[in-house]
Amino acid sequence: KAGVTQTPRYLIKTRGQQVTLSCSPISGHRSVSWYQQTPGQGLQFLFEYFSETQRNKGNFPGRFSGRQFSNSRSEMNVSTLELGDSALYLCASSLGLAGGSEQYFGPGTRLTVT
Amino acid sequence: ILNVEQSPQSLHVQEGDSTNFTCSFPSSNFYALHWYRWETAKSPEALFVMTLNGDEKKKGRISATLNTKEGYSYLYIKGSQPEDSATYLCASSNTGNQFYFGTGTSLTVIP
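Residues numbered from 1 in each chain as written. Chains lettered and ligands numbered in written order. Predicted model: local features only at pLDDT ≥ 70, side-chain atom pairs only at ≥ 80, totals over all residues. Heavy atoms only, no water.

Caption draft 1: A look at the overall build of chain B. Helix and strand counts for chain B stand at zero helices and eleven strands. Along chain B, helices (α) and strands (β) appear in the sequence β-β-β-β-β-β-β-β-β-β-β when read from the amino end. The C-alpha atoms of chain B give a radius of gyration of 13 Å, which matches the 13 Å a tight globule of 111 residues would have. Seen through its principal axes, chain B has C-alpha atoms that stretch 40 × 30 × 20 Å. Taken across its 111 residues, chain B has 48% of its residues classed as buried. The contacts in chain B between residues at least 6 apart in sequence include a share of 52% that link residues at least 24 apart. Carbon and sulfur atoms form 46% of the exposed surface of chain B, whose accessible area is close to 5300 Å². Computed over 8 positive and 10 negative side-chain charges, the inter-centroid distance for chain B is 6 Å. (Helix = DSSP H or I, 4+ residues; strand = E, 2+ residues; numbered from the N terminus. Rg over C-alpha atoms; globule rule 2.2 N^0.38 Å. Buried < 20%, exposed > 50% of the residue type's maximum accessible area, 1.4 Å probe, protein only. Contact = heavy atoms within 4.5 Å. Areas by Shrake-Rupley, 256 points an atom, 1.4 Å probe, with all protein chains shown as cover. Lys, Arg positive; Asp, Glu negative; His and termini not counted. Charge placed at Lys NZ, Arg CZ, Asp CG, Glu CD.)

If you want it as structure tokens, here you go:
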């Protein structure tokens, strides 16, 4: 079956702009999690959506938001971009069962803010 | 917030050597421990999920153990091959399905 897809793969934006990233999970998966990775940092958890509801949220400012659609596809939005938002953004889909179902990662979106 | 720690940060071994790395995690609210392999230019790939104290999992030359009482997991690679070169990530998940990742161990296997 098809894996997790993310679009776009690469993006260059300027400070102050906003950006929307998209993630299509594996068919049948209802949970989508978003992570940010910057050099020297581990994967930092942004949020998780399950059945169109935000179920978990990490410690990121309100400029980072997301949503999930009825087909489980998810979008992440970052408003008022800052240089420090330059990172690799990964999404992961899973069945979303309590305790941590195996997560399947997409290829990521590389965001560069200039 | 759960702090998952991995050591060493990086490792260089000769082809054929066996190696191991450590993942430590707080035991509060723990449900499962996950290991991933992340090769350059690819997506992280799940290796193992373990939940019970004393769990051991094996996939080919790679195996992992879990000690939930003391809060650590070991990943072992027997007879390392160049294709094992990757970053190995561990993550702890809680009952609410929230994952906390370590910063990874970067393994380079020298032919």
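The structure having been displayed, the exposition proceeds.
Caption draft 2: The arrangement of the sheet that holds strand β8 (residues 74–78) of chain A in detail. All names here are of chain A. Strands sit in the order β1-β3-β8-β7 across an open sheet of four strands; the sheet is antiparallel. Each having just a single partner strand, β1 (5–7) and β7 (64–68) make up the two edges of the open sheet. Across this sheet, the average inter-strand angle for adjacent strands is 20°, counted without regard to direction. (Pairing = 2+ DSSP bridges. Axes fitted to C-alpha atoms, helices over the stretch in contact; angles between N-to-C directions.)

Caption draft 3: Focus on the pairing of strand β8 (residues 72–77) of chain B. All names here are of chain B. The side-chain alternation of β8 yields one buried face, formed by S73, L75 and I77, and one unburied face, formed by Y72, Y74 and Y76. With six bridges connecting them, strand β3 (residues 19–24) and β8 associate as antiparallel partners. Residue pairing for β8: S24 is matched across the bridge by Y72. As defined by bridge partners, strand β7 (residues 62–67) adjoins β8 across six bridges and the pair is classed as antiparallel. Looking across to β8, one finds that I62 is bridged to I77. Here β7 hands over to β8 after four residues, with G71 in that stretch at a positive phi of 75°.

Caption draft 4: Highlighting the state of the cysteines. Counted by the stated rule, this structure contains two disulfides over all chains. Disulfide pairing is shown between C23 of chain A and C91 of chain A; the S-S distance is 1.9 Å. The S-S bond linking C23 of chain A to C91 of chain A shows a torsion near 75°; that makes this disulfide right-handed. In this pair, C23 of chain A is assigned in strand β3 (residues 19–24) and C91 of chain A in strand β9 (residues 87–94), connecting sequence segments 68 residues apart. Of the residues examined, C23 of chain A reaches a relative accessible area of 0% and is grouped as buried. Judged by relative accessible area, which is 0%, C91 of chain A ranks as buried. Bridging C23 of chain B to C90 of chain B, the disulfide has an S-S length of 1.9 Å. Sign of the S-S torsion, about 75° for the bond between C23 of chain B and C90 of chain B, identifies this disulfide as right-handed. Within this pair, whereas C23 of chain B is found in strand β3, its partner C90 of chain B is found in strand β9 (residues 86–94), the two being separated by 67 residues in sequence. Comparing C23 of chain B with C90 of chain B, the two get one shared label, buried. (Disulfide = S-S within 2.5 Å.)

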